[in-house]
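Read off the chains here:
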Amino acid sequence: MPINQHLPAWLKKPYKGVQTFLQNVRDSFRFSLRKTHKAVQELQSIRQLSDELLIETILYELPNSGVKRPKIKTTDETINELINSDKNIVRYGDGEIIVLDGGGIPFQKADMKLAQRLREILNSGDENILIAVDRRYYYNTNALISILAKKNHPLKRFQLYSIPRIRQILNRYIDFDKVYYEAYITCPNESCLEAFKNFFAGKKLVLVGCKEAFESYEFNIFDTASELCYEFVPNKHAFSEYESILSRLMGYDKTYTHILMCGPTANVLVADLTKAGYRALDLGHLAKSYDWHKKGIDTSKSGDNVVKFFDPDE
């Protein structure tokens, strides 16, 4: 969606707009205008964003800018909803959004059937499925200057350049009148990880992911479960074996909860398992987040660790 279709009215009124913009800059960044101007100049000098995306990035930094944002529940609200209900969840991060738009990512090649399913599920009316997108795409306020100061360059590049482009794609498909949930619940803080660990206690779980990943974990967030079953899928392009995977998962009785960790394919599996009456949760990198947290590996401090965390498991 072009930015000029949802710019706030004040931006079209030059004199009033300048006054309001400067006030928002002071309130939002809590830095001097000189520092804010320097930050914007740095963004412009890099020239990796179009003028439209640069303007949009700044607008999403301003909490009172009036830019259009979907309604997205917080991390705590999302986890509480999962824990205190029998609902399922699908999560749309940057990978799912690229694939639904017809593109490919390192562990899932482009597939038009998968893309179509992801588009349908994104705005599904099924009340038993929580549809989750990343709040950082729309509510990452007060972050621009802190991002520019980051020395973790892969994380910096993602936040500065990838998020604006991903958001622009998502805006073409998302329903701005729908309430969504937080997708970024699998790489959160220790309290969230412990909440999930307690949630799994006493449950019968089917863990669906690649063998390479499970073999690398020293600490298992699912070890409080009463029973663990593993269903291995390819570490890349899992959708190519979709019918076989779904058939295997449908072989379990409905006392089992399916935990999906297989990229964009997980969303389609959750949707089809929900229709069949199963509890199914797309929890992506949760197991790796817990393992790395217990090992003391901090992705925020190392660019190499960020790349390794999100690369396909080998």
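Details of the structure are given in the entry above.
Residues numbered from 1 in each chain as written. Predicted model: local features only at pLDDT ≥ 70, side-chain atom pairs only at ≥ 80, totals over all residues. Heavy atoms only, no water.

**Here we look at the packing of helix H12 (residues 242-249) against helix H13 (residues 265-275)**
At a minimum axis separation of 11 Å, H12 and H13 run at an interaxial angle of 45 degrees. By the angle class used here, H12 and H13 are oblique. When the axes of H12 and H13 are compared, the crossing they make is right-handed. Of the residues in H13, those touching H12 at Tyr242, Ile245, Leu246 and Leu249 are Thr265, Val268, Leu269, Asp272 and Leu273. Looking at side-chain class alone, the contact of H12 with H13 contains seven nonpolar, one polar and one charged residues. (Axes fitted to C-alpha atoms, helices over the stretch in contact; angles between N-to-C directions. Helix = DSSP H or I, 4+ residues; strand = E, 2+ residues; numbered from the N terminus. Parallel < 35°, antiparallel > 145°, perpendicular 65-115°, else oblique. Left-handed = near helix turned anticlockwise from the far one by under 90°. Contact = heavy atoms within 4.5 Å. Nonpolar A, V, L, I, M, F, W, Y, C, P; charged D, E, K, R; others polar.)

**Brief notes about the pattern of salt bridges**
If you walk through the whole model with that rule in mind, you get 10 salt bridges. The salt bridge partner of Lys295 is Asp291, with a shortest N-O separation of 2.8 Å. Highlighted residues: Lys295 and Asp291, both in helix H14 (residues 286-295), separated by four residues, approximately one helical turn. When salt bridges that share partners are traced, they join Arg117, Glu120 and Asp272 into one network. (Salt bridge = Lys/Arg side-chain N within 4 Å of Asp/Glu carboxyl O.)

**Notes on the nonpolar core**
Within soluble globular proteins, side chains that are nonpolar tend to cluster in buried spots. Tyr92, Leu260 and Leu269 are the most contacted members of the largest nonpolar core, which totals 48 residues. Take this core: its biggest share by element is six residues, from H13. By size, the runner-up hydrophobic cluster in this structure holds 29 residues, among which are Ile79, Phe200, Met261 and Tyr290. (Core = buried A, V, L, I, M, F, W, Y, C linked by side-chain atoms within 4.5 Å. Buried < 20%, exposed > 50% of the residue type's maximum accessible area, 1.4 Å probe, protein only.)

**What about the environment of Arg172?**
The topology assignment puts Arg172 in the loop between helix H9 (153-170) and strand S4 (179-182). Along the chain, Arg172 and Asp101 lie 71 residues apart, while their C-alpha atoms are 9.4 Å from each other.

**Overview of the packing of aromatic side chains**
Within this structure, the stated rule accounts for 10 aromatic pairs. Seen in terms of ring centroids, Phe199 and Phe200 are 5.6 Å apart; in terms of plane orientation they differ by 55 degrees. Their pairing is tilted. In this pair, the class of Phe199 matches that of Phe200, namely buried. Measuring from ring centre to ring centre gives 5.1 Å for Phe214 and Tyr230, while their planes differ by 80 degrees; the resulting arrangement is edge-to-face. Placement of the pair is Phe214 in helix H11 (residues 211-216) and Tyr230 in strand S6 (residues 227-232), with a sequence separation of 16 residues. One residue, Arg135, lies across the ring of Tyr139, its end atom 4.4 Å from the ring centre. (Phe/Tyr/Trp six-rings, centres within 6.5 Å; stacked < 30°, edge-to-face > 60°. Lys NZ or Arg CZ within 6 Å of the ring centre and 35° of its normal.)

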